[in-house]
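# Fold and geometry: a report
Letter by letter, the chains look like this.
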Amino acid sequence: MQNYEKHILTTRQFDRASLILLFEEALEMERVLAGGGNDLLKGRILASLFFEPSTRTRFSFETAMLRLGGSVISNYSMATTSSVQKKETLFDTGKVVSRFADVIVMRHPEVGSVAELARGSRVPVINGGDGPAEHPSQALLDLYTIWKERKSLDGVVIGMVGDLKNGRVPHSQCDLLKHFDCSFVFVAPEALAMPRGIVEELRESGHEVRETEDFGEAIGEMDVIGMTRVQEERFESKEEYAKYAGVYVLGKGEMGRARTGAIVLHPLPRVDEISPEIDEDPRCRYFEQVSNGVAIRMALLARVLG
Ligand code: NCD
C-alpha cells in the first residue's frame, strides 16, 4: 500500500500548470480561513516530526490541519526524544508513524532524510526541509505571495540575496521559478554563491542569470528582493560563519534605491539582514508570507489527503 505519488518531497513534482492550480486552491483556502475554517479533514491526523528547529513551518502546517477540522500529533525534538535516539531507522519510523497518522510533515538536517522516511510510510509525507537541499512548501508560499501581488510570475526580475549556497529556500524557489519567464539576480559572497548546477539549469532553460557580490548596485533592478539568512548551522565553525555574518543588510538606505513597485520577501527567521526599521514600508511582505503559508499548506494537505 505504498503511496509514493502522494508524497510532496521535492519541487520537481510541480510544473507550471500544477503551480497555478495550487495557487488558485490556496486563494480558496483564504476564503475558508476568513470564515473561520471548515471540516474538510475532520477525523484525519497530521503527525509533525521535527528534527531541526522550526517556528513557522511546524505551526503553519499544524494550523492548516486544525483549520480544516483535522487533528495533530507533534514531536519537535525528534532528534533527542524519539526512538531514533535508540537507533531506530527513519525507514522504520515511517512505517510506525504512518500507522498513527494520515499524513506526516517532517524536517531533518540531512539531505534525502525525508525521502527515506517516506519510503517506509504508507501515508503521504511532506518535506518540511531536508538540510540544505529543499524546502518545497516554503518556496510554494513564496511564489504564491509574488503571484498574488503581480497576478503573474512572468516578466519578473527575481533577486536572491544572502547565503545562496546553503539556503534550501532559494534552491527550491529556483526550481519552481524555472517554469516561468523570469530573470534572476543573485547577490552572494563568492564562497556562498548559488550552486553551479542550479545556475546552469536556469541558463539552459533560457533564463537570464546575473551574479554579483554588490547588493547596493543590484537592488534597483529587482522586482522581488528575496532576502535570506546566513545559515549558521551549516558552517563548519563559528569562525567560518563570522566571516559572512551581517554581510548584507536591507535598511532604509537600501530601500531608497529599490523600485517603488518592488516587494521584499524573507522566509524568516531574520537575524540582522533586514532592519526592523523598514517593517512598515509597504513593500515589505515577509509577515504576510507567514499568513500565505497557512493557506498554501491547507491546499497541500487537502491535495494529499484527497
Ligand atoms: C527557513 C528554513 O528553515 O529553511 N525557515 C522557514 O522555514 N521559514 C529559512 C531559514 O531558516 O533561514
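Summarised in this report is the structure supplied together with it. Remember, it's a predicted structure, so these values are computed and weren't measured experimentally.

## As for the sheet that holds strand E2 (residues 71–75)
Spatial ordering of the open sheet is given by E2-E1-E3-E4, a layout of 4 strands whose pairing is parallel. At either end of the open sheet lies a strand with only one pairing partner, and these are E2 and strand E4 (125–130). The mean inter-strand angle of the sheet, taken between neighbouring strand axes irrespective of direction, is 15°. Here strand E1 (residues 45–50) pairs with strand E3 (residues 103–108) via 5 bridges, running parallel. Directly across from Ala47, in E3, lies its bridge partner Ile104. Strands in contact with helix H5 (residues 113–120) are E1, E3 and E4; relative to E4, the strand with the most contacts, it is inclined by about 160°.

## Comments concerning helix H1 (residues 16–34)
Taking 1.5 Å per residue, 19 residues should reach 27 Å; H1 reaches 27 Å between its end C-alpha atoms and fits that length. Regarding H1, the residues found buried are Ser18, Leu19, Leu22, Phe23, Ala26, Met29 and Val32. Take H1 and look down its axis: the buried residues cluster within an arc of 160°, on one side only. Turned more than 90 degrees away from the buried face of H1 sit Ala17, Arg31 and Ala34, all of them exposed. Here the buried face of H1 lies against helix H6 (136–150), helix H7 (168–177) and helix H12 (286–304). Trailing H1 by a residue or two, Gly36 shows a phi angle of about 95°, which is positive.

## Quick word on empty space enclosed by the protein
Per the stated rule, a full pass over the model turns up 4 cavities of 30 Å³ or more. Taken as a whole, the largest cavity spans an internal volume of roughly 70 Å³. Around the largest cavity, the lining residues are Gly162, Thr228, Arg229, Val230, Tyr241, Ala245, Gly246, Val247, Tyr248, Val271, Asp272 and Glu273. Per-class residue counts for the lining of the largest cavity are 6 nonpolar, 3 polar and 3 charged. Quantified by volume, the second largest cavity comes out at close to 60 Å³. Contributing to the lining of the second largest cavity are Asp142, Leu143, Ile146, Ile158, Gly159, Met160, Gln173, Leu177, Val224, Gly226 and Leu265. If you list the elements that add at least two residues to the lining of the second largest cavity, you get H6, strand E5 (157–161), H7 and strand E8 (224–227). For the lining of the second largest cavity, the per-class residue count stands at 7 nonpolar, 3 polar and 1 charged.

## Side note on the pattern of salt bridges
Following the criterion strictly, the structure yields 24 salt bridges and no others. Across the pair Asp154 and Arg16 runs a salt bridge, and its minimum N-O distance is 2.7 Å. With Asp154 in the loop between H6 and E5 and Arg16 in helix H1, the pair connects residues that are 138 residues apart, well separated along the chain. Judged by its relative accessible area of 38%, Arg16 falls in the partly exposed class. Arg196 is paired through a salt bridge with Glu211; the nearest N and O atoms lie 2.6 Å apart. Linking Arg196 in helix H8 (residues 196–204) with Glu211 in strand E7 (residues 209–212), this pair joins segments that are 15 residues apart in sequence. With relative accessibility at 40%, the residue Arg196 sits in the partly exposed group.

## Brief notes about the packing of aromatic side chains
Applying the stated criterion across every chain yields a total of 8 aromatic pairs. A ring pair is formed by Tyr144 and Trp147, whose centres lie 6.1 Å apart and whose planes are at 25°; its orientation type is stacked. Separated by 3 residues within a single helix, Tyr144 and Trp147 lie in helix H6, roughly one turn from each other. Residue Tyr144 is classed as buried on the basis of its relative accessible area, which comes to 0%. Aromatic side chains Phe184 and Phe186 sit 5.8 Å apart centroid to centroid with 45° between the ring planes, which places their arrangement in the tilted category. According to the relative accessible area criterion, Phe184 is buried, its value standing at 2%. Given the relative accessible area of 2%, Phe186 is considered buried.

## What about the packing of H1 against H6?
The relative placement of two packed helices is expressed as an angle between their axes plus a distance between the axes. The N-to-C vectors of H1 and H6 enclose an angle of 80°; their axes lie 10 Å apart at closest approach. Relative to H6, the element H1 lies roughly perpendicular. Together, Leu19, Ile20, Leu22, Phe23, Glu24, Ala26, Leu27 and Glu30 of H1 and Leu140, Leu143, Tyr144, Trp147 and Lys148 of H6 make up the contact between the two elements. Of the residues belonging to the contact of H1 with H6, the class tally is 10 nonpolar, no polar and 3 charged.

Each value, and the rule that gives it
- Sequence order sets the numbering: in each chain, residues are counted from 1 along the sequence as written.
- Two thresholds apply to this predicted model, a pLDDT of at least 70 for residue-level local features and 80 or more for giving and counting side-chain atom pairs, whereas whole-chain, interface and lining totals are computed over all residues.
- The side-chain numbers reported here are obtained from all heavy atoms of the structure, hydrogens and water having been left aside.
- What makes two strands pair is DSSP finding at least two bridges between them.
- Helix numbering and strand numbering both begin at the N terminus, where a helix is a DSSP run of H or I of at least 4 residues and a strand a DSSP run of E of at least 2.
- Working convention: axes come from line fits to C-alpha atoms, limited for helices to the stretch in contact. Angles between N-to-C directions cover 0 to 180 degrees.
- Here, two residues are considered to be in contact whenever any of their heavy atoms come within 4.5 Å of each other.
- Between the first and last residue of a helix there are one fewer steps than residues, each counted as 1.5 Å, and that sum is the expected span.
- Type-normalised accessible area, obtained with a 1.4 Å probe on protein chains alone, sets the label of each residue: buried when under 20%, exposed when over 50%, and partly exposed for intermediate values.
- To be clear, the arc concerns the directions from the helix axis to the C-beta atoms.
- A pocket here means an open set of points on a 1 Å grid, computed over the protein atoms alone, that has protein on both sides within 12 Å along at least five of seven lines. A cavity is instead a set of points where a 1.4 Å probe fits but cannot get out; residues with an atom within 4 Å of a point line either one.
- Grid points are joined across faces, edges and corners, and a volume is the space filled by probe spheres set on the points.
- For this classification, the nonpolar set comprises Ala, Val, Leu, Ile, Met, Phe, Trp, Tyr, Cys and Pro, the charged set comprises Asp, Glu, Lys and Arg, and every other residue, Gly included, is treated as polar.
- Whenever a carboxyl oxygen of Asp or Glu lies within 4 Å of a side-chain nitrogen of Lys or Arg, that contact is scored as a salt bridge.
- Stacked, tilted and edge-to-face are the three classes assigned to paired rings of Phe, Tyr and Trp, where Trp is represented by its six-membered ring and a pair needs centres within 6.5 Å; plane angles under 30 degrees give stacked, over 60 edge-to-face, the rest tilted.
- Here the word oblique covers every angle except those under 35 degrees (roughly parallel), over 145 (roughly antiparallel) and from 65 to 115 (roughly perpendicular).

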